[in-house]
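Residue-level structure breakdown
This is what each chain is made of:
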Amino acid sequence: SLQAKGSGGVTFATRAAGGGMTLIATATPSGATSLSFTSIPGTYKHLVVMWSDVTQSAAGYWNIRCNNDTTANYHYLWIRDDVVASTVFGNDSDIYACISNSTSTFPINRASGSFTFWRYTEAQIKLMTGIRSGISTFLRSSDVVGNYLGTAAITQLDFIRSSTQTITGNFYLYGVS
């Protein structure tokens, strides 16, 4: 880590013991219609939710919702790399398309990604950053940055589907010290 030095210089400090990521919960849904991480402890600085080797049964997308908050408390910017590069701005009732595929190519196979919720327990807007990708005949990968406008600590994350598709794969929730 870096520490500021009194005369404007920078000096390196020894990393404090006990830092890092702690696995809070895992889920391995098979043909699931929903997925939730509930009762998230407030003992970490940041949250990271990761997924790997995810298959979706049909066209559609999965969003992430914080604290079961369905109001328009989510603002985001997607920078997407697919057939035509595009940018999507949003103000919605959840964070859009963490897992997604086009209507013409499904199932999406071996999708992976992660979202980080920074300072998730503080009584302020929460910054969220993420990246995702998937393998199919129509590859979509993207970066996202956004805000969750709720000021309560995040204690629940839900993956919400857009249609009738199901999901299979590996999901992990980490706390970052």
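Residues numbered from 1 in each chain as written. Predicted model: local features only at pLDDT ≥ 70, side-chain atom pairs only at ≥ 80, totals over all residues. Heavy atoms only, no water.

**Points about the overall build of the protein**
Defined as follows: The numbering of helices and of strands both runs from the N terminus, where a helix is a DSSP run of H or I of at least 4 residues and a strand a run of E of at least 2. To sort residues, take the accessible area from a 1.4 Å probe on protein chains only and compare it with the maximum for the residue type: under 20% means buried, over 50% means exposed, and anything in between is partly exposed. Only heavy atoms enter the contact rule, under which two residues are in contact if any of them lie within 4.5 Å.
A tally of helices and strands in the protein yields 0 helices and 14 strands. Burial statistics for the protein: of 177 residues in total, 38% are counted as buried. Summarising the internal contacts of the protein: among those between residues at least 6 apart in sequence, 72% fall at separations of at least 24.

**Some thoughts on unusual backbone geometry**
Positive phi, normally seen in glycine, also occurs at Asp53, with a value near 50°. Looking at the secondary structure, you find Asp53 in strand β5 (residues 46-56). The backbone of Asn67 sits at a positive phi, close to 55°, despite the residue not being glycine. Counting through the fold element by element, Asn67 comes out in the loop between β6 (60-66) and β7 (74-81). Assessed through its relative accessible area of 22%, Asn67 is described here as partly exposed.

**Brief notes about the packing of aromatic side chains**
Stated precisely, the cut-off is as follows: When the centres of two rings from Phe, Tyr and Trp lie within 6.5 Å, Trp using its six-membered ring, the rings pair. Their planes under 30 degrees apart give stacked, over 60 give edge-to-face, and anything left gives tilted.
Under the criterion given, the structure shown has 3 aromatic pairs. Ring centres 6.0 Å apart and planes at 85° place the aromatic pair Trp51 and Phe159 in the edge-to-face group. With Trp51 in strand β5 and Phe159 in strand β13 (residues 157-161), the pair connects residues that are 108 residues apart, well separated along the chain. The pair formed by Trp51 and Phe159 is uniform in burial state, with each residue classed as buried. Judged by centre distance (5.1 Å) and plane angle (70°), the ring pair of Phe159 and Phe171 falls under edge-to-face. Of the two residues, Phe159 is situated in strand β13 and Phe171 in strand β14 (residues 167-176); the sequence distance between them amounts to 12 residues. Neither Phe159 nor Phe171 differs from the other in exposure class; each is buried.

**As for the side chain of Asp158**
For clarity, the threshold we go by: Positive charge is attributed to Lys and Arg, negative charge to Asp and Glu, and no charge count is given to His or to the chain ends. By salt bridge we mean one thing: a side-chain nitrogen of Lys or Arg within 4 Å of a carboxyl oxygen of Asp or Glu.
By secondary structure assignment, the location of Asp158 is in strand β13. Of the buried charged residues, Asp158 lacks a salt bridge, with Arg65 as the closest side chain of opposite charge at 6.0 Å.

**Brief notes about the nonpolar core**
Put simply, the rule is: Nine residue types can take part in a nonpolar core, namely buried Ala, Val, Leu, Ile, Met, Phe, Trp, Tyr and Cys, and a core is a set of them joined through side-chain atoms within 4.5 Å.
In terms of nonpolar packing, the biggest core is built from 27 residues, with Val49, Phe117, Leu157, Phe159 and Phe171 touching the most fellow members. Counting residues per element, the ones that place at least two in this core are β4 (35-37), β5, β6, β10 (109-118), β12 (141-148), β13 and β14. For this core, the leading source of residues is β5, giving 4 residues. Contact partners of Leu157, with chain neighbours within four places excluded, come to Leu35, Ser36, Phe37, Ile40, Val49, Ile64, Arg65, Cys66, Phe117 and Leu173.

**Thoughts on the pattern of salt bridges**
Here the idea is simple: oppositely charged side chains can pair when their charged atoms come close. Going through the model one piece at a time under the given rule, you end up with 1 salt bridge. For Glu122, the salt bridge goes to Arg119, with nearest N and O atoms at 2.8 Å. Relative accessible area serves as the criterion here: at 27%, Glu122 is assigned to the partly exposed category. Exposure remark for Arg119: the relative accessible area of 35% places this residue in the partly exposed category.

**Details of the confidence of the model for the protein**
Condition: pLDDT measures how confident the predictor is about each residue, on a scale from 0 to 100.
Averaged over every residue, the pLDDT of the protein is 78; residues scoring 70 or more account for 65%. Here strand β1 (residues 2-4) stands out as the element of the protein with the lowest mean pLDDT, 46, in contrast to strand β3 (residues 21-27), whose mean of 96 is the highest. Across residues 1-6 the pLDDT falls below 50, and counting only partners more than four positions away or on other chains, this stretch makes 13 contacts in the model. Confidence drops under pLDDT 50 across residues 83-87; counting only partners more than four residues distant or on other chains, this segment forms 7 contacts.

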